[in-house]
Amino acid sequence: MGNQLTLANGNLLSERATGWETGLATESRWGSIRSSYFLTQVNRPITAVTINATSSPILLKRENLGQIESRGVSLDYEFSPLAG
């Protein structure tokens with residue numbers, strides 16, 4: 001890509017993702033509410049690390065990193081009153 005050269009790495013380990021999600025939902029005559037909590041961890045993510053930023057092309061090499069974690073909450077409300 002552009003003026004970059006990414007070198008291969010035969011010592012890379014595979015990435016591994018683990019995670020879970022849980023949630024609740026309820027309905028009433030005015031609508032529904034849903035909420036959930038999620039957590040995902042990616043072990044040994046692969047990225048391109050800069051080896052030499054002053055060379056032409058710029059040299060990068062694929063490497064494993066430690067861990068990436070993503071967690072969060074989702075809240076949804078749907079307003080739909082019954083006609084009556």
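A few points on the structure. (Residues numbered from 1 in each chain as written. Predicted model: local features only at pLDDT ≥ 70, side-chain atom pairs only at ≥ 80, totals over all residues. Heavy atoms only, no water.)

1. Some thoughts on the overall build of the protein chain
For the record, the criterion: Starting at the N terminus, helices and strands are each numbered in turn, a helix being any DSSP run of H or I of at least four residues and a strand any DSSP run of E of at least two. Here the globule rule reads 2.2 Å times residues to the power 0.38, and the radius of gyration is calculated from C-alpha atoms.
Tallying secondary structure elements over the protein chain gives zero helices and six strands in all. When its helices and strands are written in sequence order, the protein chain yields β-β-β-β-β-β. Relative to the 2.2 N^0.38 estimate, which gives 12 Å for 84 residues, the radius of gyration of the protein chain is 23 Å and therefore markedly larger than a compact globule would have. Taking the principal axes of the C-alpha coordinates as reference, the protein chain spans close to 70 × 25 × 15 Å.

2. Notes on the sheet that holds strand β2 (residues 16–28)
Within a beta sheet, neighbouring strands are joined by backbone hydrogen bonds and run either parallel or antiparallel to one another. Our working rule: Pairs of strands are assigned from DSSP output, requiring at least two bridges between the strands. Axis definition: a line fitted to C-alpha atoms, over the contacting stretch in the case of helices. Angles run 0 to 180 degrees between N-to-C directions.
Pairing is antiparallel in the open sheet, where three strands are placed in the order β2-β3-β6. Every interior strand has two partners, whereas the edge strands, β2 and β6 (67–79), have only one. Averaged over all adjacent pairs, the angle separating strand axes in this sheet is 10 degrees, with direction ignored. In this sheet, strand β3 (residues 31–43) lies alongside β2 in antiparallel orientation, the contact comprising 13 bridges. Bridge pairing in β3 places Thr26 opposite Ile33.

3. Looking at the packing of aromatic side chains
Aromatic ring pairs: the centre-centre distance and the angle between the two ring planes describe each pair. To be explicit about the condition: We call Phe, Tyr and Trp rings a pair once their centres come within 6.5 Å, taking the six-membered ring for Trp, and we label the pair stacked below 30 degrees between planes, edge-to-face above 60, and tilted otherwise.
If you walk through the whole model with that rule in mind, you get three aromatic pairs. Here a set of aromatic residues connected by ring pairs shows up, and it is made of Trp30, Tyr77 and Phe79.

4. Some details on the sheet that holds strand β4 (residues 46–52)
Strand order in the open sheet formed by three strands is β1-β5-β4, with mixed pairing between adjacent strands. At either margin of the open sheet sits one strand with a lone partner, and together these are β1 (4–7) and β4. Geometrically, the sheet is characterised by an average inter-axis angle of 35 degrees between neighbouring strands, direction not taken into account. Two elements, β1 and strand β5 (residues 58–64), share four bridges in a ladder whose sense is parallel. The residue bridging Leu7 from the neighbouring strand is Lys61, located in β5.

5. Comments concerning the environment of Asn64
The following threshold applies: Per-residue accessibility, obtained with a 1.4 Å probe over protein chains only, is compared with the maximum for each type, and a residue is labelled buried under 20%, exposed over 50%, and partly exposed between these values. Every residue pair with non-hydrogen atoms within 4.5 Å of one another is taken to be in contact.
Tracing the backbone through its elements, the reader meets Asn64 in strand β5. Of the residues examined, Asn64 reaches a relative accessible area of 25% and is grouped as partly exposed. Once you skip the residues sitting within four places of it in the chain, Asn64 turns out to touch Asn11, Leu12, Leu13, Arg44, Pro45 and Ile46.

6. A few points about a nonpolar patch on the surface
Just so we agree on the cut-off: Note that patches include only residues with greater than 30% relative accessible area and no salt bridge, and the join distances are 9 Å for like charges and 5 Å for nonpolar side chains (Val, Leu, Ile, Met, Phe, Trp, Tyr). Method for areas: the Shrake-Rupley scheme with a 1.4 Å probe, in which residue coverage is limited to the protein chains shown. For this analysis, a salt bridge means a side-chain nitrogen from Lys or Arg found within 4 Å of a carboxyl oxygen belonging to Asp or Glu.
Taken together, the side chains of Trp30, Ile33, Tyr77 and Phe79 present a nonpolar region at the surface, about 470 Å² in accessible area. Summarising the element assignment, Tyr77 is placed in strand β6.

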